[in-house]
Amino acid sequence: MKNKKPTLKETFNLALENHKKKEFRLAKHLYQKILSIDPFHFGSIFYLGTLEAQLKNFFSAKELFKKATEIKPTHVGTYINLGATYQMLGNFQEAKASFAKAIELQPNNPAAHNNLGAILKETGELTQAISECEKAITIEPNYVSAHRNLGLIFQELREIKKAINCFEILNKLKDRPANTLQNLGRLHVIIGDNKKAIEYYENAIKLEPENLLHYYNLYNLKKEILNVDLKKKINKILENKESTKKNIAYGNFLLASSESENRNHKKEFDYLIKGHSYFLESENENYKKDINYWLNTLPEIEELKKFNKFKKNIGNLKPIFIVGVPRSGSTLVEKLIASGPQSISIGEETGVLSNFIKQKLIEKKTIISDVENMHNDIYRKFSEKGLVNEKNNFFFTDKTLDNFFYISLIKEIFPHAKVINCKRSPLSSIVSILKNNLPAIPWAHDMKDIFKYFDIYYKKIEHFNKIYPNFIYELDFEKLSNDPENESKKLMKYCNLAWDKKCLEFYKRKDLISK
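The rules behind the values
- Residues numbered from 1 in each chain as written.
- Predicted model: local features only at pLDDT ≥ 70, side-chain atom pairs only at ≥ 80, totals over all residues.
- Heavy atoms only, no water.
- Helix = DSSP H or I, 4+ residues; strand = E, 2+ residues; numbered from the N terminus.
- Expected span 1.5 Å × (residues − 1).
- Buried < 20%, exposed > 50% of the residue type's maximum accessible area, 1.4 Å probe, protein only.
- Arc of directions from axis to C-beta.
- Contact = heavy atoms within 4.5 Å.
- Pairing = 2+ DSSP bridges.
- Axes fitted to C-alpha atoms, helices over the stretch in contact; angles between N-to-C directions.
- Salt bridge = Lys/Arg side-chain N within 4 Å of Asp/Glu carboxyl O.
- Parallel < 35°, antiparallel > 145°, perpendicular 65-115°, else oblique.
- Left-handed = near helix turned anticlockwise from the far one by under 90°.
- Phe/Tyr/Trp six-rings, centres within 6.5 Å; stacked < 30°, edge-to-face > 60°.
- Lys NZ or Arg CZ within 6 Å of the ring centre and 35° of its normal.

Visitor: Honestly, helix H12 (residues 194–207) in this entry has me stumped. Any pointers?
Guide: Since there are 3.6 residues in each turn of an α-helix, residues three or four apart along the chain are aligned in direction. In a regular helix each residue adds 1.5 Å, so 14 residues correspond to 20 Å; H12 covers 20 Å between its end C-alpha atoms and thus fits that length. Looking only at H12, the buried set comprises Ala 197, Ile 198, Tyr 200, Tyr 201, Ala 204 and Ile 205. For H12, the arc enclosing every buried residue in end-on projection is 165°, short of the 170-degree limit, so these residues lie on one face. More than 90 degrees from the buried face of H12, the exposed residues found are Lys 195 and Lys 206. Where the residues of H12 are buried, they touch helix H10 (160–171), helix H11 (180–190) and helix H13 (212–219).

Okay, structure coming up:
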């Protein structure tokens, strides 16, 4: 007797079973087999889209989810998955539309509200982002992701106490992420409460004793932990073939710090290079596109090299853009400016212009395709961050260092803008980048990428100094360190701000916090 041929339902159940077991190859084959018989089998299309997204094949996933919406236009889960796929592709407008559709179909779906909140955070619409995350929490009070997203939004707004409150609530939830204590530690470092930060990092170590990131964070506040016992532990983890690349990276960073304490700089450098190599490998999938964007795509955009005169500008704002490469003294400069007699809004790294330009490229639009909307969008995003303030005479700082790419745009749309280029010895900056692991900067973990970025930076500054003479203020960090009074007076004069001795006493101010 011949074996009975399985039905489509049996084949589909088998595909789901293998999908759950992460037997992706077999599951994919079975879904495709079903679709060769029934091209409109909704379940196979939906779950094949999910599988492709899990495998990071986001373009395939997008097409499958779009087809699924045509077959079942009221299926909420499809719109949520489609939105998440658009988000991974960087197409935030389409992602917003998909999540909004899911909410229209099912207003009390917490995932749709939370995901929309996450997208709104990415596009700088922070007030709306807060609203969506709060709606998700109202519907599902123990929604871990919504509490986390809300905390990150408040952190971006520099409302650190509110951010801490979100993560403290999150810390009490059953399924909290493992990095919740780490986030709480970092937030307390920001507000200068190192004692509480140490407590959180020590609790993180108790929870995950093999996670060297927690020791790395704790070491920055409590140097004495890097003793013989910890170094033995680190070496044991480094020898373990099961150790993750990220854990190996932080082990090498800690050993580099130990060699630095012993003034053995050759060994320190070797450990740093190894650490960054492993760190880059651990983030390879996340960093690959971003490295290409910063080192190849963005520098070649002709439209950014020089804009024609705009008929309209954002006339009332007085932004002070602080640009340069990382570890060039920009944080000190921002605090110095903010400590004068004139009250100004401190923006830190707003990312407003960077995000605006990147989104235009993703949407394949010219940067000035709609000048009116461009002005409104940029103004709204600075306003969302609490920087547009009449009480401060519309002065604010923006310490997004990569704004040197957009100096032509800044010159044309902000007639009262000031641009300060923080210069430091390249060797000092590069060594500092290596010694201070910068996870948010994808190009900062490989020497050739670092050199290429620095080369781009110097060429861009040279280009803009030629076409806009005397527009950029060249601040020499070494000169500022050696002659702070005279150099800070010149800086404040350039910014059209009054100087007094408090500019040099910024370290006494407890209200000035850095991320």
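Visitor: Help me understand the side chain of Gln 359 in this model?
Guide: Mapped onto the elements of the fold, Gln 359 is located in helix H19 (residues 352–362). Not counting residues up to four positions away in its chain, the partners in contact with Gln 359 are Gly 90, Asn 91, Phe 92 and Gln 93.

Visitor: Looking at this structure, how should I read unusual backbone geometry?
Guide: Glycine aside, a negative phi is what most residues show, and trans is what most peptide bonds show. Not every positive phi belongs to a glycine, and Lys 22 is a case in point at roughly 65°. One can find Lys 22 in the loop between helix H1 (8–20) and helix H2 (24–37). Residue Lys 22 is classed as exposed on the basis of its relative accessible area of 63%.

Visitor: Mind showing me how you'd approach the environment of Leu 387 here?
Guide: Tracing the chain through its elements places Leu 387 in the loop between helix H20 (371–384) and strand E3 (395–398). Sequence separation between Leu 387 and Ile 344 is 43 residues, and the spatial gap between their C-alpha atoms is 8.6 Å. Filtering out sequence-adjacent residues up to four positions away, Leu 387 remains in contact with Ser 345, Ile 346, Gly 347, Thr 350, Phe 382, Phe 395, Phe 396 and Thr 397.

Visitor: Please clarify how the pairing of strand E1 (residues 318–324) should be interpreted in this entry.
Guide: Side-chain direction in a regular strand flips from residue to residue, so the side chains alternate between the two faces of the sheet. Summarising burial for E1: seven of the seven residues are buried, a large majority. Burial along E1 is two-sided: Lys 318, Ile 320, Ile 322 and Gly 324 facing one way and Pro 319, Phe 321 and Val 323 facing the other are all buried. In this structure, E1 lies alongside E3, joined through four bridges in parallel fashion. Note on E3: the bridge partner recorded for Ile 320 is Thr 397. In terms of strand pairing, E1 meets strand E4 (residues 418–423) through five bridges, oriented parallel. Looking at the pairing, Ile 322 lines up with Ile 420 of E4.

Visitor: What's the story with the sheet that holds E1 in this structure? I'm lost.
Guide: Hydrogen bonds between backbone atoms are what pair the strands of a sheet, whose relative direction is either parallel or antiparallel. Across the sheet, five strands lie side by side as E2-E3-E1-E4-E5; this open sheet has parallel pairing. Every other strand in the sheet has two partners, leaving strand E2 (345–346) and strand E5 (472–476) as the edge strands with one partner each. Where helix H18 (residues 330–338) meets the sheet, its contacts fall on E1, E2, E3, E4 and E5, and the angle it forms with E1 comes to roughly 160°.

Visitor: Just checking my understanding: could you explain helix H9 (residues 144–156) for this structure?
Guide: In a regular helix each residue adds 1.5 Å, so 13 residues correspond to 18 Å; H9 covers 19 Å between its end C-alpha atoms and thus fits that length. When we look at burial in H9, the residues that qualify are Val 144, Ala 146, His 147, Asn 149, Leu 150, Gly 151, Ile 153, Phe 154 and Gln 155. In this structure, the buried residues of H9 make contact with helix H7 (110–122), helix H8 (126–139), H10 and H11. One or two residues past the end of H9 sits Arg 158, with phi positive at roughly 65°.

Visitor: Before we go on, may I ask you to explain the pattern of salt bridges in this structure?
Guide: Opposite charge on two side chains makes pairing possible when the charged atoms of those side chains draw close. Counting across every chain of the model gives 27 salt bridges. Glu 17 is the partner of Lys 21 in a salt bridge, and the nearest nitrogen-oxygen pair spans 3.4 Å. Lys 21 gets classed as exposed once you look at its relative accessible area, which sits at 53%. One salt bridge in this structure joins Lys 288 and Glu 285, with 4.0 Å as the shortest N-O distance. In this pair, Lys 288 and Glu 285 both sit in helix H17 (residues 284–297), three residues apart, roughly one turn of the helix. For Glu 285, a relative accessible area of 52% puts it in the exposed group.

Visitor: Any chance you could explain the environment of Lys 223 here in plain terms?
Guide: With respect to the secondary-structure elements, Lys 223 resides in the loop between H13 and helix H14 (228–239). Classification of Lys 223 as partly exposed rests on a relative accessible area of 42%. Distance from Lys 223 to Glu 261, taken between C-alpha atoms, is 9.8 Å for residues 38 residues apart in sequence.

Visitor: What should I look at first to understand the packing of H12 against H13 in this one?
Guide: When two helices pack together, their arrangement is given by the angle between the helix axes and by the axis-to-axis distance. Packing of H12 against H13 leaves a shortest axis separation of 9 Å and a crossing angle of 160°. Taken together, the axis directions place H12 and H13 in an arrangement best described as roughly antiparallel. Regarding H12 and H13, the two cross each other, and that crossing is left-handed. Between H12 and H13, the residues in contact are Ile 198, Tyr 201, Glu 202, Ala 204 and Ile 205 and His 214, Tyr 215, Asn 217 and Leu 218, respectively.

Visitor: Where do I start with the packing of aromatic side chains in this structure?
Guide: The relation between two aromatic rings is expressed through the spacing of the ring centres and the mutual angle of the planes. Within the structure shown, the criterion is met by 26 aromatic pairs. Ring centres of Phe 12 and Tyr 31 lie 6.3 Å apart, and the angle between their planes is 50°; on these two criteria the pair is classed as tilted. Of this pair, Phe 12 sits in helix H1 while Tyr 31 sits in helix H2, placing them 19 residues apart in sequence. Assessed through its relative accessible area of 15%, Phe 12 is described here as buried. Between the aromatic rings of Phe 46 and Phe 65, the centroid separation amounts to 5.9 Å while the plane-to-plane angle is 65°, which identifies the pairing as edge-to-face. Highlighted residues: Phe 46 in helix H3 (residues 42–54) and Phe 65 in helix H4 (residues 58–71), separated in sequence by 19 residues. What makes Phe 46 buried here is its relative accessible area of 11%. Just above the ring of Trp 499 sits the side chain of Lys 489; from NZ or CZ to the centre is 4.8 Å.

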